[in-house]
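One-letter residues, chain by chain:
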Amino acid sequence: MTARVGVVTFPGSLDDKDAARAVSLAGAEPVALWHADADLKGVDAVVLPGGFSYGDYLRCGAIARFAPLMSELVPAARSGDLPVLGICNGFQILCESHLLPGALTRNSSLRFVNRDQVLRMENTRTAWTNDYTGGQEVLVVLKSGEGSYVADEETLDRLEAEDRVIARYVGGNPNGSRRDIAGITNEHGNVVGLMPHPEHAVEALTGPSTEGLGFFTSILGHLKAGAPAHA
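Computed from a predicted structure; not experimentally measured.

> Explanation requested: the UniProt feature "active site" (unreviewed entry) in the chain in the structure shown.
Feature annotation in UniProt assigns "active site" (unreviewed entry) to the following positions: Cys88, His197 and Glu199. Taking the farthest pair of C-alpha atoms as the criterion, the annotated set spanning 112 residues converges on one region, since that pair is 10.9 Å apart. Position of Cys88 relative to the elements: it lies in the loop between strand 4 (84–87) and helix 3 (89–96). In contact with Cys88, other than residues within four places in its own chain, are Gly50, Lys143, Ser144, Leu194, Met195 and His197. You can see Glu199 is positioned in the loop between strand 11 (191–194) and helix 5 (214–225). For Glu199, the contacting residues outside a window of four places in its chain are Asp15, Asp18, Ala19, Ala22, Ile87 and Phe216. There is a polar contact of 2.7 Å between the side chain of Glu199 and the side chain of His197.

Written as structure tokens, this is what we have:
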């Protein structure tokens, strides 16, 4: 049976169609989810795409946290049962929803960054990273103005000790993220937040590589195995 992966659209989402295409290219069925419906439609996993949900008013992701759909998503993800990938604005929403620790703040340059970016994969045991190998370097797209990951030292130390950093920036830190962190996972390994955009690196014709597709094939492998993710 084909896996069904929901892609949420908020007012201001702009990468939802790209995420749905990546899901389709990986071999799953993308399912459109609407922010105002408290209905996950029985999907097997969810992608929170990039964009500017609710215009980034208050803080990036701060209003999206209270969307009706999130009332269903948050408890399912917190329990470890529902795999969720938050990309860029989706990462911000996961932090605002307290599914992931820390926050995303303005880039250290105070400028919007748009570039092809190399990442080093650190934790390849999560629901969204198991198709990579530890230490593998992948080329994806980074495009954000508030992509600097910050947390207190205790939280950063805990993430390091529990191997919950899933990817780091290589070749220079583009936004001032603490410890070069590009993405993290929760304690169950089912929730992953990533600032760069793997969905823009899934086809040779339109991306810098096809190396972002591994995030989407990883969830298929995870669902097929039927085994819990491990951070």
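> Which parts of the structure should I look at to understand the packing of aromatic side chains?
Scanning the entire structure with this criterion turns up three aromatic pairs. Geometrically, the ring pair formed by Phe10 and Tyr54 is tilted, given 6.3 Å between the ring centres and 55° between the ring planes. Residue Phe10 is found in the loop between strand 1 (4–9) and helix 1 (16–26), and its partner Tyr54 is found in the loop between strand 3 (45–48) and helix 2 (68–78); the two are separated by 44 residues along the sequence. Across the pair, exposure class does not vary: Phe10 and Tyr54 are buried alike.

> Would you mind going over a nonpolar patch on the surface with me for this structure?
On the surface, Leu14, Phe52 and Phe112 cluster together into a nonpolar patch covering about 300 Å² of accessible area. Mapped onto the secondary structure, Phe112 falls in the loop between strand 5 (103–105) and strand 6 (113–121). Accessibility expressed as a relative area gives 51% for Phe112, which makes it exposed.

> What exactly am I supposed to notice about the pairing of strand 7 (residues 137–144) here?
Remark: a regular strand shows side chains that alternate across the two faces of the sheet. Burial of strand 7 is extensive: six of the eight residues sit out of reach of the surface. Bridge count for strand 6 against strand 7 is eight bridges, and the pairing is antiparallel. Its bridge partner being in strand 7, Asn114 is matched across the sheet by Lys143.

> What is the right way to look at unusual backbone geometry in this model?
Among all residues save glycine, negative phi is the norm, and among peptide bonds the norm is trans. Of note in this structure, Asp56 is not a glycine but carries a positive phi near 60°. Counting through the fold element by element, Asp56 comes out in the loop between strand 3 and helix 2. In this structure, Arg179 takes a positive phi of about 55° despite not being glycine.

> Would you explain the pairing of strand 11 in this entry?
Burial along strand 11 is two-sided: the face carrying Val191 and Gly193 and the face carrying Val192 and Leu194 are both buried. Strand direction decides the pairing type here: strand 10 (residues 181–185) and strand 11, joined by three bridges, are antiparallel. Note that in strand 11 the partner of Gly183 across the bridge is Leu194. Counted between consecutive antiparallel strands, the loop separating strand 10 from strand 11 contains five residues, among which Gly189 sits at a positive phi close to 80°.

> I would appreciate a short explanation of helix 5 in the present structure.
Here helix 5 contains 12 residues, and its C-alpha end-to-end distance of 16 Å stays within 8% of the 16 Å for a straight helix at 1.5 Å per residue. In this fold, the buried residues of helix 5 make contact with helix 1, strand 3, strand 4, strand 6, strand 9 (165–170) and strand 11. Just downstream of helix 5 lies Gly226, where phi reads positive at about 70°.

Thresholds applied
- Residues numbered from 1 in each chain as written.
- Predicted model: local features only at pLDDT ≥ 70, side-chain atom pairs only at ≥ 80, totals over all residues.
- Heavy atoms only, no water.
- UniProt positions renumbered as here; feature names shortened; annotations may be inferred.
- Helix = DSSP H or I, 4+ residues; strand = E, 2+ residues; numbered from the N terminus.
- Contact = heavy atoms within 4.5 Å.
- Polar contact = N/O pair within 3.5 Å; in protein donor to acceptor, adjacent residues only side chain to side chain.
- Phe/Tyr/Trp six-rings, centres within 6.5 Å; stacked < 30°, edge-to-face > 60°.
- Buried < 20%, exposed > 50% of the residue type's maximum accessible area, 1.4 Å probe, protein only.
- Patch = residues over 30% accessible without salt bridge, like charges linked within 9 Å, V, L, I, M, F, W, Y side chains within 5 Å.
- Areas by Shrake-Rupley, 256 points an atom, 1.4 Å probe, with all protein chains shown as cover.
- Salt bridge = Lys/Arg side-chain N within 4 Å of Asp/Glu carboxyl O.
- Pairing = 2+ DSSP bridges.
- Expected span 1.5 Å × (residues − 1).

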